[in-house]
Amino acid sequence: MSGCIQFLLDDETHVVDLSGRHGAMGPDTTVLQYLREQLLRRGTKEGCAEGDCGACTVVVVEPVAASPGDGKCAGRLRYRPVNACIQLLAGLDGRELLTVESLARRRGPLHPVQQAMVEHHASQCGFCTPGIVMSLFSLYKAQTGTPVRRDIDDCLAGNLCRCTGYRPILEAGLAMHALGDALPAAAQTRLARAGGTEQDGVVADRLTALDASSQSSIAGDGTWLGLPRTLAEALQMRAARPDATVVAGGTDVGLQITKSLTDLAAVLSVARVSELKRLEPTSDVWHVGAAVPIADLQLAIAGEWPALDELLRRFASPPIRHAATLGGNIANGSPIGDSMPALLALDATVELASVSGTRTVALADFYTGYRQSVLRPDELIVSVLIPRATHGERLAIYKLTKRPDQDISAVCGAFWVRLEQAKIVSARVAYGGMAATPARVPTCERALEGVSVFDAVPGPARDTIATSFTPLSDQRASARYRALTAANLLDRLFMELRGEPRVDLYRHAR
Amino acid sequence: MHGDTDDTHTQRRIQGGVRESLPHESAGQHVRGAAWYTDDLPEPNGTLHAALGLSERAHAEIVSLDLNPVRHSDGVRCVLTAADIVGDNNCGPIVADDPIFAEGVVEHVGQSLFAVAADTVRAARQAVRRVEAIYRDRPAAITVNSALAAGQFLLPTEQMTRGDPDTAIGSACHQLDGEFVIGGQEQFYLEGQIALAIPLDDGGMHIYSSTQFPMEVQAAVARCLGRERMTDIVVECRRMGGAFGGKESQPALFACVAALLAEATGRPVKLRMDRDDDMRVTGKRHDFVARYQVGFDAAGTIEGYRVNLASRCGRSADLSGAINDRAMFHSDNAYFLPHVAITSERLKTHTVSNTAFRGFGGPQGMLVIEEVMDAIAQALGKDPLSVRRANLYGGAGRNVTPYGMTVEDNILPELLDELVATSDYHQRRQDIARFNAGSEVFKRGIALTPVKFGISFTATHLNQAGALVHLYHDGSVHLNHGGTEMGQGLFTKIAQIVAEELQIDVGCVRATATDTGKVPNASATAASSGTDLNGKAAQAAARTLRERLTDFAAEHYDVPREQIRFMPGEVQVGNRTVPFPDLIHEAYMNRVQLSATGFYKTPKIGYDRRTWSGRPFYYFAYGAAVSEVEIDTLTGEHLIRRVDILHDCGESLNEAIDRGQIEGGFLQGVGWLTCEELVYADSGELLTTAPSTYKIPACSDWPREWRVDLMQSTPNREDTVFRSKAVGEPPLMLANSVFLALKDAVASVAEHRVRPALNAPATPEAILLAVTDLRAQRTVDDS
């Protein structure tokens, strides 16, 4: 057992030794490698190896207790779609994995999701199909009652199909619940859980038992994998192994493995540190643990900050949202990280901790340069503190991309304002994609103060965009486009603050 | 309608005959994850994994290539360069200008330099990055315009002319000229390029390749191994995870590399490309710069048209000749051009060699004339639909293409009438004008564009196909043909054809992997011709068997031949009926040959490429679409509110599959014209090499509302298989309506007084900049 992680796959406990050399069943082994190369279970495909095409989508099941803030999950288990290509196998410790092969036994009857796909002619070349089936399956499990088009669009935002034009897939998604409901009771019981005959409760108990027996670290031949459960343990490991790559959701670290071909000899997985999973509001802030998946944050905070809900939806596809975390997004420090402008506009703070203590830093002070921050090598991000909405505050966030879904922004503008009788009394304005780091625009904020939203955007406010930024041209957009739209987004902001019904084409069309 | 087997009194129908909307033959496997693609095949023991070392420069002399660090990298078993190739260092399909490994000079970023076989994929990929290469840069031409400036032509410039366009343009009431740029497109098949080469005991090589053109892979591998005979090589492909033209000529490189490494090591070798490398190494749709002059009358009827199409071919010939030919052949689209000159310039650039992609040059040629139609309409203040109608082929003396082929099967007038009515086009155009008048930020646009697409390979010799049908003595059927399955449903349709011919349930027919050992010399599955060619060949094989069985039954049961009829699942022999399997078993016992080949070559076609005259196409496939869009003039964001499509599949063999091609082709075209943008750095490096930066349409990009119909009761006038029509490529060009609707929306910003400078793709950026420039111009005009 030494050096092993454990997880369920089709009712079977897989005990996998991860103490191998890195690059060969070491801590950086991905789920997809394990499935395709070790198990020769090849229904799950690799299309891009960067989490952007969805051909490798699988579902990870965890007990609901492990995902606080979860309002939508009816049973004791939570079904999360994830991209097997960039997920570390280590992250499956104590969880259940479901792949496309889990949904129907060889020659056995098809799952309603699969049946709907066949009946609606929703596969052509079939290479994306297993991933699409698994994404739809996660929706099938998450939602009772027939979904609507926007649910399917969202569900499949990260599943590319090059053949069908998606129409038949949409129709399969709309039909799958009815197919399942029409099954005889015995078949429904059998299908209540894909992956096996056992019921949710039994699986939840098995997962809890696996979790209890799992190891906190695995040392191998020149490799090391930390799997801490408590913050104290995580911080000690961080201090002892500053060389280790910290992984939460792994959606960015995964690319180091698959694209940079870096072998990660030492990995510190913080995905199950209980303090980092905290997600709850106090009277003045939301505590968002650094390891809380974006999907969970979105569910929890949507009612309070609708603009954040829309941003987090367009942040990425569900398989990315179910893995990626706010903490990881901040630690990664990409200039186009989409959460940052919103958090800057909200004046969020970040709680950092090390063995020697805890400190709080305003997000605005967190970055010191391109992918550089004040985070010390022995520190971890513990949580992000997002101020709660109060009366008179408005938040608007606009993300501009080539494609509406699952795309990285060319420009992302976030605007927080306090209104009194349609006058802006204070404002915070932040942009991503305009400079080496996401940045506030204090001059713009001052220029907006005292302005009525029923007036035009003042010229001086628009001008601050040009004076504050010298954007770059790259594959996503030209400098000219960035400069023009960053200013134009102020017009959209005023439209929204005036209460105009149509502000954002994509939001309206949904 | 089932040939001489038809019997209107028959109660029972076979399951899965023609005209039935059967699901894809692999649908059940697809949804289970049980369909094997090349990377899913169980590898033989000892299989090694390969990776390619790639050029980092667009145009440079290779001063030195130090491969020692590569050789010493963990797990490496073999490293090969050009010097190690015994046979031809070439995998070019037509011209021998595509080295497998560059020698001396590199001509694009991502060109293959060397290859490694190692114990694991990861070890191989890590190893190739350890190369130490020293280059001496040479001047590089990356874009069409830089190649034009440098006078770098890859192939001779071609011209197709009729009449006297200059005089016709000059003497027309109205003239217009313009420049229009059309972007390229990555195929983005979900399954990347891959080949598995297995050395055989007799010195032969078995190749599993994800390819639309197994014969060409076979020939290329035989050449590079220094084999004199193609018979030493077998190439097999059960299915591809998408291809779209990107696996017509491109797979040869990967198969050659795998075969060379297998030959060198004596072990099976698999080469599977990482997505980013795949996008660096393989060709894409050609981007074009078009310049036109047009003269027309007050109704918008064209009197003279001159167009110059300059395309980025990349570093080698590949299929660029035929692709640019097809761009010329489709520069008329659906319109009669009395006096016309079509010039095609094929430019050599230091970028990846561009290649086939659904439509094969046709979309670019067609989009230019559609742009011209809208420009004419705008100049005259007319509805673009009326200008299109005025120019449609038809009427005396107005039905001959610029290449001298008479358009005999034009159904567009009726098709447009129907679509205009069902889409409520005229009312919606008015509604949109009203909406735009009351909306400053959001603007809507609408466009109706037709498609007329020529069906046949323009290289006449490729219009042939073979099939092989075995009847086992239990009555089950093994079906094989030269076509490849890439998701388009070819295997399904051909199984339906064979089932129909033999009057047995399709479940008795097993479609099997394309294999150069079963059907030789098969053409690429391309040019939309898969079903037309292979369907006819399979039908011929099935008919041969039926004839033999008829002869046998007549003799065996002693009844006249005329009294033998193939009924569903059984054969009527005089007064008795014999179940089909029983008849087959009886035939076997009486030593009847139960295997047959079939062959087909397309009739009527042939043209002279020197004079650009004749009949390159057997027939035309038609369609039209109406698209309505909305744009946000603050950001350039846009969406498709609604699309109405009416498309001609002749008498469809399988409406569900044809509809899949129509919808999928349409959205792929939408991607080409809206969100898909290939961005090259000045250095020639492609910056969009992955789905994170290269955006193909996602689910939410399918229009908000749609009506997709097949034109009914329009059998193919030519004798195609069951009077069906090809449907692979034509629907892609239905997306022209989306582009022109976007342009219509942009033009509304200046009340349609100024033609927007909007090129393809119409990304949010392109739209916003066009809007911004129009508004600036409007301000100038108003002041």
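This one's a predicted model, so the numbers in the text were calculated from it and none came from an experiment.

Sorry, what's going on with the overall build of chain A here?
Counting its secondary structure elements, chain A contains 19 helices and 20 strands. Computed over its C-alpha atoms, the radius of gyration of chain A comes to 23 Å, within 12% of the 24 Å expected for a compact globule of 510 residues. Scored against the burial criterion, the 510 residues of chain A give a buried share of 57%. Residue pairs in contact within chain A that sit at least 24 positions apart in sequence constitute 68% of those at least 6 positions apart.

I'm lost on the sheet that holds strand S18 (residues 477-481) of chain B in this one. Help?
The strands that make up a sheet pair up through hydrogen bonds in the backbone, lying either parallel or antiparallel. Residues and elements named next belong to chain B. Within the open sheet, the four strands sit side by side as S19-S18-S17-S24. Their pairing is mixed. The outermost strands of the open sheet, each flanked by one partner alone, are strand S19 (509-511) and strand S24 (595-601). Averaged over all neighbouring strand pairs, the angle between strand axes comes to 20 degrees, with direction disregarded. Bridging between strand S17 (residues 464-471) and S18 involves five bridges; their strand directions are antiparallel. Looking across to S18, one finds that Val-469 is bridged to Leu-479. Set on the sheet, helix H15 (residues 530-557) makes contact with S17, S18 and S24; between it and S24 the angle comes to about 140 degrees.

Before we go on, may I ask you to explain the nonpolar core in this structure?
The tendency in soluble globular proteins is for nonpolar side chains to be buried as a group. Residue and element names in this part refer to chain B. Core analysis: the largest hydrophobic core is formed by 373 residues, its most contacted members being Val-116 and Ala-258. It is helix H7 (residues 251-265) that provides the largest number of residues to this core, a total of 11 residues. Other than its neighbours up to four places away in sequence, Ala-258 contacts Ala-50, Ala-195, Leu-196, Ala-197, Val-269, Lys-270 and Leu-271. Among the nonpolar cores identified, the runner-up in size contains 46 residues, and Val-469, Ile-504, Ala-587 and Val-721 belong to it.

Looking at this model, I keep getting lost on the environment of Ile-640 of chain B. Mind explaining?
Residue and element names in this part refer to chain B. Mapped onto the secondary structure, Ile-640 falls in strand S28 (residues 638-647). Ile-640 sits in the buried class, given 26 other C-beta atoms within 10 Å. Residues Ile-640 and Gln-212 lie 428 residues apart in sequence; the distance between their C-alpha atoms is 32 Å. Setting aside its immediate chain neighbours within four residues, Ile-640 contacts Ser-627, Val-629, Pro-703, Arg-704 and Val-738.

So what exactly am I meant to see when it comes to the confidence of the model for chain A here?
Any residue range with low pLDDT should be treated as having predicted coordinates unsuitable for detailed reading. With 94% of its residues at a pLDDT of 70 or more, chain A shows a mean pLDDT of 92. Note on residues 66-74 of chain A: pLDDT under 50 across the span, and 20 contacts to partners over four residues away in sequence or across chains.

Please explain the interface of chain B and chain A as it appears in this structure.
How large an interface is tends to be reported as the accessible area lost when its parts come together. Listed by partner, the interface residues are 69 residues for chain B and 66 residues for chain A. At the level of secondary structure, the elements contributing two or more residues to the side of chain B that touches chain A comprise helix H1 (27-32), helix H3 (121-128), helix H8 (275-281), strand S27 (619-632), helix H17 (655-673) and helix H19 (764-782) of chain B. Top contributing element to the side of chain B that touches chain A by residue count: H17 of chain B, with seven residues. Counted by class, the side of chain B that touches chain A contains 30 nonpolar, 21 polar and 18 charged residues.

Rules used in this analysis
- Residues numbered from 1 in each chain as written.
- Chains lettered and ligands numbered in written order.
- Predicted model: local features only at pLDDT ≥ 70, side-chain atom pairs only at ≥ 80, totals over all residues.
- Helix = DSSP H or I, 4+ residues; strand = E, 2+ residues; numbered from the N terminus.
- Rg over C-alpha atoms; globule rule 2.2 N^0.38 Å.
- Buried ≥ 20, exposed ≤ 12 C-beta atoms within 10 Å, placed from the backbone.
- Contact = placed C-beta atoms within 7 Å.
- Pairing = 2+ DSSP bridges.
- Axes fitted to C-alpha atoms, helices over the stretch in contact; angles between N-to-C directions.
- Core = buried A, V, L, I, M, F, W, Y, C linked by C-beta atoms within 7 Å.
- pLDDT = per-residue confidence, 0-100.
- Nonpolar A, V, L, I, M, F, W, Y, C, P; charged D, E, K, R; others polar.

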